[in-house]
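# Notes for the structure review
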Amino acid sequence: MNSFLDTDIKFLKGVGDKRAKLLETELEISTFGDLLYTFPYRYVDTSRFYKISEFSGEMPSVQVLGRFVGFTTEGEGLRQRLKASFYDGKRFMEVVWFSKLNFFKTAYQPGVTYILFGKPTLYRDIWQMAHPEVSAYDASRPPEGFRGVYSIPDKLRKRGYSTRLLSDLAKNLFANARIKEVEETIPTEIMSRYSLMPLLEALSNLHFPQSPDKLRKARERMKFEELYYLQLHILRYSRERGRRIKGHVLGKIGDYFNTYYKRFIPFELTGAQKRVLHEIRDDMRTGRQMNRLLQGDVGSGKTMVAFMTMLMGVDNGFQCAIMAPTEILAGQHYETIRKWGESIGLRVELLTGSTRTKARREIHEGLVSGDIDIIVGTHALLEDNVQFRNLGITVIDEQHRFGVAQRAKMWKKSSIAPHVLVMTATPIPRTLAMTVYGDLDVSVIDELPPGRKPVQTFLKFDNARMEVNRLINRELQEGRQVYIVYPLVKENPKLELKSVEEGIERVRGMFPNVKVCMVHGQMKPAEKDYQMDQFVSGEARILVATTVIEVGVNVPNASVMLIENAERFGLSQLHQLRGRVGRGADHSYCILMTKHNIAGDTRKRLSIMTETSDGFLISEADMKMRGPGDMEGTQQSGIAFNLKIANLASDGQILNVARQAAEAVLNAHPELVEAPACGVERYEGERLALSEASVAMVRKELRIRFSKTYDWSQIS
Ligand code: ADP
Ligand code: MG
């Protein structure tokens, strides 16, 4: 016999062959289980009646109480429609039907009070409802209270079906005695620890909520379930990898670290930097391979954390590598790290695509012999002929510029995979990080070094051009430098957007006394580097560019970031661009130029920029506005964002609890990780022990949910 959930929908009371076909094709409901898991997409409080005078354009479907006062048919043939006036005692609105006109014409009587339920729209200054649900008002019947509304495709709607169809069928489903066969999917131990609603009760409340509170608990349970299994799946994978892959044991903090820290460090570390260094240290001494994502806003001091991490490697006799996505960035890191390293006698070298043959040979030798302690570089480090004596740590800056395969290559450069620290200045909300980079441990630098002056940010329209130019002139006169960013390289007649190529001419005209340079993505790398150097060295005072300057460039003397057509950029991009200034000057400015008539979301997005400089707040706002799937840095993730019920943007708290639960279960049940242990496995923390039956339940759910295997190599 089929299980209850797998039963063909045609056997449900009220369905039959014809409807079964319709349900299948229009709603993808072909079994009892499908119907059970087809939830209302929203809920209405049908105990409340709205007045027509309260209507507004953004309202969902609402209830009104009143009478029909006359029907008229308009139009010809297919365009024929039926209209009625509906009076709520104070005002009139229009009700429109486009099909089944003859039926509706005689279905309702004048003088009888009806409840209409539908979405008000304003059409030629008159409030309308099209094909509302209509029911006779019965004063003796108690208000229904909360009620779900199912999404009904147009095709069904035109045939006269409404949300009622599904709620009636769901009612029949719950009336079926066999509904009790639906099996719980969360072990009782977890349900009781986290006070979760049992599955069947939750399903019932999702279809027929007993109260707003019960509905909330029902949803919470379903979201928890979804997130719990997802986290369990992700964690299980990362622990599996932990077992398979041994890491170097970097047990000691030695002379290099201590000497540097006590005698040479140029500033006091922030609390966040110290905390992160502790987290890193704890990782690297366990014998597990570290895979850690370090998130920190621009200017939060990730480079120093990287350097001190590498000192831990050197202290234990290992070489370290730090890799940056561009030559300019690699060059800047090299300058910084060589200076820091010199003070304690470390040999630091730079290897990029433009390193000369002779120097390159020496570097190759130095790496093989172990003479070089720290190598800074670009993709050039990945080449096969770059070999190490003993590579212990790889730091990757600005991870989203590196492909996955490239990162994997770095692992192969030593017999034991090096510890990996991935750094990014594109903060993504923790909830998203836990899922997208679920198998990476995440550290966050959530504090800027003291004394930073926030960048003043203005939103300006084209008509304020003179004012903006005056500000730029003033800064130039004070010896400062200026970035001007455009969305396009070349003019495109179809888009009314500004471009670098016409921009540079205008900028040269407006500021004739200073040197202007230009970079964009269509340039040859050598040319780009040359132009960039002009700006970094201070010879050029204005840099006209596309977003290629987004990543990590450090010119502390720059005090103005002017972004043309700012409406064309995403929030995280704008934030990154703004991070280029405010690194030295006493005052710095970010000016977002837009055309005059921006509205809605665009305006909101740009206002967020003027209101906060906190990268995490900005990325949360971004995620709320765009949805988690569109966030930068998530697209390349192997995990499809096919969460059905939970929403990473708004369910962060539930996710945290679900993650804890998953960790606690795995701590108590390492047997859920299906790999032979060969590395070191030691997980401290909370434990949640399950009965044998519960473990079996968990295994089964994992199998059902994740039978399709992901390409996990895409995730780290
Ligand atoms: P990012 O995180 O964007 O890579 P950097 O590492 O480039 O930031 O740091 C930005 C600047 O702040 C650098 O000039 C760096 O030397 C300085 N800095 C880093 N940490 C501190 C600190 N604790 N106190 C003062 N200045 C710091
Ligand atoms: Mg940096």
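Here the residue index of a chain counts from 1 through its sequence in written order. The lettering of chains begins at A and the numbering of ligands begins at 1, in the order of writing. Thresholds applied to this predicted model are a pLDDT of at least 70 for local features of residues and 80 or more for the giving and counting of side-chain atom pairs; totals over whole chains, interfaces and linings are not thresholded and use all residues. Side-chain measures here rest on the full set of heavy atoms in the structure, leaving out hydrogens and waters.

We now examine the overall build of the protein. Helices and strands together make up the secondary structure of the protein, namely 23 helices and 22 strands. For the protein, the spread of C-alpha atoms along the three principal axes comes to 95 × 70 × 40 Å. Within the protein, buried positions represent 53% of all 716 residues. Long-range contacts, defined here as pairs at least 24 residues apart, represent 72% of the contacts in the protein between residues at least 6 apart. If you sum the accessible surface of the protein, you get close to 33200 Å²; carbon and sulfur atoms cover 50% of it. Going along the chain from the N terminus, every DSSP run of H or I of four or more residues is numbered as a helix, and every run of E of two or more is numbered as a strand. Categorising residues by exposure relies on relative accessible area from a 1.4 Å probe, with only protein chains included: less than 20% of the type maximum marks a residue as buried, more than 50% marks it as exposed, and the intermediate range marks it as partly exposed. Working rule for contacts: check all heavy atoms of both residues, and any pair within 4.5 Å makes them a contact. In short, Shrake-Rupley with a 1.4 Å probe defines the accessible areas, and a residue's cover is counted only from the protein chains shown.

This brings us to the sheet that holds strand S14 (residues 391–397). Remark on secondary structure: sheet strands pair via backbone hydrogen bonds, oriented parallel or antiparallel. Think of it this way: DSSP has to see at least two bridges between two strands before they count as a pair. Taking strand neighbours across the sheet as the criterion, the seven strands line up as S12-S13-S11-S14-S15-S10-S16 in an open arrangement whose pairing is parallel. The sheet terminates laterally at strand S12 (348–351) and strand S16 (441–445), the two strands that pair on one side only. Geometrically, the sheet is characterised by an average inter-axis angle of 20 degrees between neighbouring strands, direction not taken into account. Bridging between strand S10 (residues 291–296) and S16 involves five bridges; their strand directions are parallel. Bridging from a neighbouring strand, Leu-293 pairs with Val-442 of S16. Under this scheme, a helix contributes an axis fitted over its contacting stretch, all axes are lines through C-alpha atoms, and angles between N-to-C directions fall in the 0 to 180 degree range.

A word on the nonpolar core. By nonpolar core is meant a set of buried Ala, Val, Leu, Ile, Met, Phe, Trp, Tyr and Cys residues that side-chain atoms within 4.5 Å join together. Ile-190, Phe-224, Tyr-228 and Ile-375 are the most contacted members of the largest nonpolar core, which has 58 residues in total. Discounting chain neighbours no more than four positions away, the residues touching Ile-375 are Cys-320, Ala-321, Ile-322, Glu-349, Leu-350, Leu-351, Ile-363, Leu-367, Leu-381 and Phe-388. Ranked by size, the runner-up nonpolar core spans 54 residues in total, among them Val-482, Leu-543, Leu-592 and Ile-608.

This part is about the packing of aromatic side chains. Ring pairs are drawn from Phe, Tyr and Trp, using the six-membered ring of Trp, whenever the two centres fall within 6.5 Å, and their geometry is named by plane angle: stacked under 30 degrees, edge-to-face over 60, tilted for the rest. Within the structure shown, the criterion is met by 25 aromatic pairs. Centre to centre, the rings of Tyr-108 and Tyr-114 are 5.2 Å apart; their planes meet at 70 degrees, and the pair counts as edge-to-face. Of the two residues, Tyr-108 and Tyr-114, neither departs from the other in class, the shared state being buried. In this scheme, the term charge over a ring applies when either NZ of a lysine or CZ of an arginine sits within 6 Å of the ring centre and within 35 degrees of the ring normal. Positioned above the aromatic ring of Phe-103, the side-chain terminus of Lys-100 is 5.5 Å from the ring centre. Positioned above the aromatic ring of Phe-458 is the side chain of Lys-460, whose terminal nitrogen or guanidinium carbon lies 5.6 Å from the ring centre.

Here we take up the environment of Phe-257. Note on placement: Phe-257 falls in helix H9 (residues 255–264). With 289 residues separating them along the chain, Phe-257 and Thr-546 place their C-alpha atoms 40 Å apart. Beyond its immediate stretch of four places on either side in the chain, Phe-257 contacts Met-308, Leu-311, Met-312 and Asp-315.

Throughout this description, the term salt bridge denotes a Lys or Arg side-chain nitrogen within 4 Å of a carboxyl oxygen of Asp or Glu. Here the structure, examined in full by the defined rule, presents 35 salt bridges. Here Arg-216 makes a salt bridge to Glu-220, at a shortest N to O gap of 3.5 Å. Of this pair, Arg-216 and Glu-220 both sit in helix H8 (residues 212–244), four residues apart, which is roughly one turn of that helix. Given a relative accessible area of 27%, Glu-220 falls into the partly exposed group.

Moving on to the confidence of the model for the protein. The quantity known as pLDDT measures the predictor's confidence residue by residue, on a range of 0 to 100. For the protein, per-residue confidence averages 86 on the pLDDT scale, and residues scoring 70 or more make up 91% of the total. Confidence drops under pLDDT 50 across residues 632–640; counting only partners more than four residues distant or on other chains, this segment forms 27 contacts. Low confidence marks residues 709–716, where pLDDT is under 50. Its contacts with residues over four positions away, or in another chain, come to 21 contacts.

What follows is about helix H19 (residues 571–578). Of all eight residues in H19, seven are buried; the element is thus mostly enclosed. When we look at burial in H19, the residues that qualify are Leu-571, Ser-572, Leu-574, His-575, Gln-576, Leu-577 and Arg-578.

Moving on: the site of ligand 1. Near ligand 1 lie 15 residues; those nearest to it are Glu-268, Gly-299, Lys-302, Thr-303 and Arg-452. Within the contact set of ligand 1, an oxygen atom lies 2.6 Å away from a backbone nitrogen or oxygen of Gly-299. Polar contacts here mean pairs of N or O atoms no more than 3.5 Å apart (in protein, one a potential hydrogen donor and the other a potential acceptor; neighbouring residues in sequence count only if both atoms are side-chain atoms). Residue Thr-303 places a side-chain N or O atom 2.6 Å away from an oxygen atom belonging to ligand 1. Its free accessible area being 570 Å², ligand 1 has 77% of it covered by the protein chains. Among the residues making up the shell around ligand 1, the classes are represented as four nonpolar, six polar and five charged. By convention in these notes, a residue is near a molecule or strand provided one of its non-hydrogen atoms lies within 4 Å of it. All residues other than Ala, Val, Leu, Ile, Met, Phe, Trp, Tyr, Cys, Pro, Asp, Glu, Lys and Arg, Gly among them, are scored as polar; the first ten of these are nonpolar and the last four charged.

Right, let's get into the sheet that holds strand S21 (residues 558–563). Across the sheet, which stays open at both edges, the six strands sit in the order S17-S22-S21-S18-S20-S19 with parallel pairing between neighbours. In the strand order of this sheet, the two ends are held by strand S17 (456–461) and strand S19 (516–519), each with one partner. Shown here is a sheet whose adjacent strand axes are inclined to one another by a mean of 20 degrees, direction ignored. Two elements, S17 and strand S22 (residues 589–594), share six bridges in a ladder whose sense is parallel.

This part takes up the state of the cysteines. The term disulfide is used for any two cysteine sulfur atoms that are within 2.5 Å. Enumeration according to the criterion identifies zero disulfides in this entry. Cys-517 carries a free sulfur, and the closest cysteine sulfur to it, the one in Cys-590, is 19 Å from it. Judged by its relative accessible area of 0%, Cys-590 is buried.

Moving on: the packing of helix H7 (residues 199–207) against H8. Their axes nearest at 8 Å, the elements H7 and H8 cross at an angle of 120 degrees. Viewed along their axes, H7 and H8 adopt a mutual orientation that is oblique. Here the hand of the crossing between H7 and H8 comes out left-handed. The residues of H8 that touch H7, namely those facing Leu-199, Glu-201, Ala-202, Leu-203, Asn-205 and Leu-206, are Lys-214, Leu-215, Ala-218, Arg-219, Arg-221, Met-222 and Glu-225. Here the residues of the contact of H7 with H8 sort into seven nonpolar, one polar and five charged. Angles below 35 degrees are treated as roughly parallel, those above 145 as roughly antiparallel, those between 65 and 115 as roughly perpendicular, and all remaining angles as oblique. Crossing handedness is defined as follows: a turn of the near helix away from the far one that is anticlockwise and smaller than a right angle gives a left-handed crossing, while the clockwise case is right-handed.

Position of Lys-460 relative to the elements: it lies in strand S17. In this structure the side chain of Lys-460 is engaged in a polar contact, spanning 2.9 Å, whose partner is the side chain of Glu-467.

Another point: the pairing of S12. Moving residue by residue along a regular strand, the side chains alternate between the two faces of the sheet. Bridging between S12 and strand S13 (residues 374–377) involves four bridges; their strand directions are parallel. Bridged to Glu-349 within S13 is Ile-375. Here a crossover is taken to be right-handed if, once the strands point away from the viewer, the path from the first strand over the helix to the second is traced clockwise. In this fold, the crossover linking S12 to S13 by way of helix H13 (residues 357–369) has right-handed handedness.

Moving on, we come to unusual backbone geometry. One non-glycine residue, Asp-125, adopts positive backbone phi at about 70 degrees. Relative to the helices and strands, Asp-125 is located in the loop between strand S6 (121–123) and strand S7 (126–130). Not every positive phi belongs to a glycine, and Asn-565 is a case in point at roughly 50 degrees. Checked against the element boundaries, Asn-565 lands in the loop between S21 and H19. Under the relative-accessibility criterion, Asn-565 is labelled buried at 5%.

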